[in-house]
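Structural features, examined
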Number of protein chains: 2
Amino acid sequence: MKTNMETRKPRVLNFLSPEMEQQVVSFSEHMSVDKGVVLLEPGDRMDQVLFLVKGKVALYRTSATGRRHLMYTLNGACGCGLSMISAMLNRESVITAVVEEPAELFSLPVSQFSKFMQSNPDWTTFVLNIVEKQWIESLEMFDQVAFNSLEVRLTSYFQNYIAHNVGLENASTVNKPHSQIANDLNASREAVSRVLKKMEQKGQLQLRHGAVELLMFH
Amino acid sequence: MKTNMETRKPRVLNFLSPEMEQQVVSFSEHMSVDKGVVLLEPGDRMDQVLFLVKGKVALYRTSATGRRHLMYTLNGACGCGLSMISAMLNRESVITAVVEEPAELFSLPVSQFSKFMQSNPDWTTFVLNIVEKQWIESLEMFDQVAFNSLEVRLTSYFQNYIAHNVGLENASTVNKPHSQIANDLNASREAVSRVLKKMEQKGQLQLRHGAVELLMFH
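Basis of the calculations
- Residues numbered from 1 in each chain as written.
- Chains lettered and ligands numbered in written order.
- Predicted model: local features only at pLDDT ≥ 70, side-chain atom pairs only at ≥ 80, totals over all residues.
- Heavy atoms only, no water.
- Buried < 20%, exposed > 50% of the residue type's maximum accessible area, 1.4 Å probe, protein only.
- Helix = DSSP H or I, 4+ residues; strand = E, 2+ residues; numbered from the N terminus.
- Contact = heavy atoms within 4.5 Å.
- Buried area = accessible area lost by both parts, 1.4 Å probe.
- Salt bridge = Lys/Arg side-chain N within 4 Å of Asp/Glu carboxyl O.
- Polar contact = N/O pair within 3.5 Å; in protein donor to acceptor, adjacent residues only side chain to side chain.
- Nonpolar A, V, L, I, M, F, W, Y, C, P; charged D, E, K, R; others polar.
- Domains from an automatic or database assignment.
- Least-squares fit on C-alpha atoms with pLDDT ≥ 70 in both.
- Phe/Tyr/Trp six-rings, centres within 6.5 Å; stacked < 30°, edge-to-face > 60°.
- Lys NZ or Arg CZ within 6 Å of the ring centre and 35° of its normal.
- Axes fitted to C-alpha atoms, helices over the stretch in contact; angles between N-to-C directions.
- Parallel < 35°, antiparallel > 145°, perpendicular 65-115°, else oblique.
- pLDDT = per-residue confidence, 0-100.

Concerning helix H3 (residues 81-88) of chain B
All names here are of chain B.
- Burial analysis of H3 places 8 of its 8 residues in the buried class, the great majority of the element.
- Within the sequence span of H3, burial applies to Gly81, Leu82, Ser83, Met84, Ile85, Ser86, Ala87 and Met88.
- Positive phi appears at asparagine 90, one or two residues downstream of H3, with a value of about 55°.

Structure below.
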């Protein structure tokens, strides 16, 4: 028989078990955050663990001179493994987190998160799964930079974009100017524009004002 | 009062608590592995978690075409966070691990490792600490590749080398030919040789046959 909880409330954190979701929701504060807001910067200490319900958050690595490179993107319902670990161990953040699409979040006090970890082995498994997935994503981004040409990196960037937007309206339109795509990849705008034009001539995409229409990345 | 265990045996895995060290040693097989042996390749499944007692193991990321880039180095007594997680979650390895200096290892069955995790919260904390440290090391390597010139990357490479060899004899001699240093950084041998020569002229190092003597990286 279903409990009242299950029949009444729609799932908001469906990457958690219903029981864990209930724990997060009952101990957390609900927040709505606008596009462009910086949630986390290098050096910040976190007394909260954030769970994304809706929207998009981009995680960047930032150089000493302030240049940024996209590391991975959180999209829809999920959490950030590195922030979970840093928060639990009371370490400073080593990444920048920026809201890319208006986001809804649950903010859970880290003391409560640690209590869950100590009392429920499912939480440990959950954290290790998310850490493994996102560590590998960051290694894949490393591969892009260490091994590949800008064209290969742009192709992978667009494939990721499509994969993260499955089911959304306009899933194949990247609403970013060339300069922002260049920033995400820490490449020059000129080089990115040149390669995008080449990809347009091959029929892989269509360039619009402030946007790129993806034609062949499905 | 000290137990017999503590008074009799020298510590071999001093990054673990004495109690955890005893658990690893009693359930593990002891192995000696020669320089050059590949411990782990992408796609491998691990039924053992390896703890390094002595020697050096380099972890590489490998491209589809077989090119390698150093990710981080395990030196002296330590473990590899990514392999621990992959083994526990029964995932394939995503890295290549190569013995760089003759290594002594303890090999612990992953089933036993998982049991420790479930029964002792110290193990969870230990794993999260090691994962956080090494994830950040891999992000720092990412920074090197994404943001820096080859000279800056070589400087950082040598600084890391020194930091990992503190207290050893010949700690400031890198016994590698230019071609191997170039491989570690996925750069061309020609470019590496050119920058090394420039650094020699500045008095930062001295080039020897098949080796680099570091003069100013302490």
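Some points on the interface of chain B and chain A
- Chain B puts 37 residues into the contact, and the matching count from chain A is 38 residues.
- When chain B packs against chain A, the two sides together hide about 3,400 Å² of surface, and 75% of this comes from carbon and sulfur.
- For the chain B face of the interface with chain A, the top three residues by lost area are Trp135, Phe142 and Phe147 of chain B, together amounting to 25%.
- At the surface where chain B touches chain A, the tally comes to 4 salt bridges.
- Between aspartate 143 of chain A and arginine 61 of chain B there is a salt bridge, with its nearest N and O atoms 2.8 Å apart.
- Linking chain B with chain A are 12 residue pairs in polar contact (both at pLDDT 80 or more), by the criterion used here.
- Mapped by element, the contributors of at least two residues to the side of chain B that touches chain A are strand S3 (48-62), strand S4 (68-75), H3 and helix H5 (121-147) of chain B.
- Here the element with the most residues in the side of chain B that touches chain A is H5 of chain B; it accounts for 18 residues.
- Of the residues contributing to the side of chain B that touches chain A, the split by class is 20 nonpolar, 10 polar and 7 charged.

With respect to the domain arrangement of chain A
All names here are of chain A.
- Taken domain by domain, chain A holds domain 1 (4-147) and domain 2 (150-214).
- Using only C-alpha atoms to locate each centre, domain 1 and domain 2 end up separated by 26 Å.
- Residue-level contacts link 11 residues of domain 1 with 13 residues of domain 2.
- For the pair domain 1 and domain 2, the two sides together bury roughly 1,000 Å², of which 41% comes from carbon and sulfur.
- Its largest share of buried area at the contact with domain 2, domain 1 owes to His69, Asn75 and Gln144, together 40% of the area lost on that side.
- Here domain 1 is connected to domain 2 by 1 salt bridge.
- Between lysine 176 and glutamate 100 there is a salt bridge, with the nearest N and O atoms lying 3.0 Å from each other.
- On inspection of domain 1 and its partner domain 2, the count reaches 8 residue pairs in polar contact (both at pLDDT 80 or more).

Some words on the relation of the copies chain B and chain A
- Placing chain B over chain A gives an RMSD of 0.1 Å and needs a rotation angle of 180°, together with 0.0 Å of translation along the axis. A rotation of that kind, with that shift, is consistent with a two-fold axis. Closest approach to the rotation axis within chain B is made by the C-alpha atom of phenylalanine 142 of chain B, at a distance of 2.8 Å.
- Comparing interface residues between copies, 100% of those in chain B also sit at the interface in chain A, which points to an isologous, same-surface contact.

Considerations on the pattern of salt bridges
- Considering all chains together, one arrives at 22 salt bridges over all chains under this definition.
- Among the ionic pairs, glutamate 213 of chain B bridges to arginine 208 of chain B, the shortest N-O distance being 3.2 Å.
- Overall, the relative accessible area of 44% leaves arginine 208 of chain B in the partly exposed class.
- Via salt bridges that share partners, Glu100, Lys176 and Asp184 of chain A belong to a single interconnected network.

Structural notes on the packing of aromatic side chains
- Here the structure, examined in full by the defined rule, presents 21 aromatic pairs over all chains.
- Ring geometry for tryptophan 123 of chain B and phenylalanine 126 of chain B: centres 5.4 Å apart, planes at 85°, overall edge-to-face. Remark: phenylalanine 126 of chain B and tryptophan 123 of chain B occur in helix H5; sequence separation between them is 3 residues, near one turn of the helix.
- Among the residues examined, phenylalanine 126 of chain B registers a relative accessible area of 10% and is labelled buried.
- The structure contains a cluster of three or more aromatic residues connected by ring pairs, namely Phe15, Phe27, Phe51, Phe113, Phe116, Trp123 and Phe126 of chain A.
- Sitting over the ring of tyrosine 60 of chain A, arginine 68 of chain A keeps its end group 5.2 Å from the ring centre.

Some words on the packing of H3 of chain B against helix H4 (residues 110-119) of chain B
Residues and elements named next belong to chain B.
- Two elements in contact, H3 and H4, have axes separated by 10 Å at closest approach and are oriented at 95°. Taken as axis vectors, H3 and H4 run roughly perpendicular relative to one another. Facing Met84, Ala87 and Met88 of H3, the residues of H4 in contact are Val110, Phe113, Ser114 and Met117.
- A class-by-class count of the residues in the contact of H3 with H4 yields 6 nonpolar, 1 polar and no charged.

Observations regarding the side chain of glutamate 151 of chain A
Residue and element names in this part refer to chain A.
- Structurally, glutamate 151 can be placed in helix H6 (residues 150-164).
- With relative accessibility at 18%, the residue glutamate 151 sits in the buried group.
- If we skip the residues at most four places from it in the chain, glutamate 151 touches Val195, Lys198, Met199, Lys202 and Gln204.

Some words on the environment of threonine 65 of chain B
Residues and elements named next belong to chain B.
- Counting through the fold element by element, threonine 65 comes out in the loop between S3 and S4.
- Note on threonine 65: relative accessible area 67%, which makes it exposed.
- Measuring from C-alpha to C-alpha, the distance between threonine 65 and lysine 202 comes to 36 Å, with 137 residues separating the pair along the chain.

A look at the confidence of the model for chain A
- The predicted model of chain A averages 88 in pLDDT, with 95% of residues at 70 or higher.
- No element of chain A has a lower mean pLDDT than helix H1 (residues 4-8) of chain A, at 51, and none a higher one than strand S1 (residues 29-33) of chain A, at 96.

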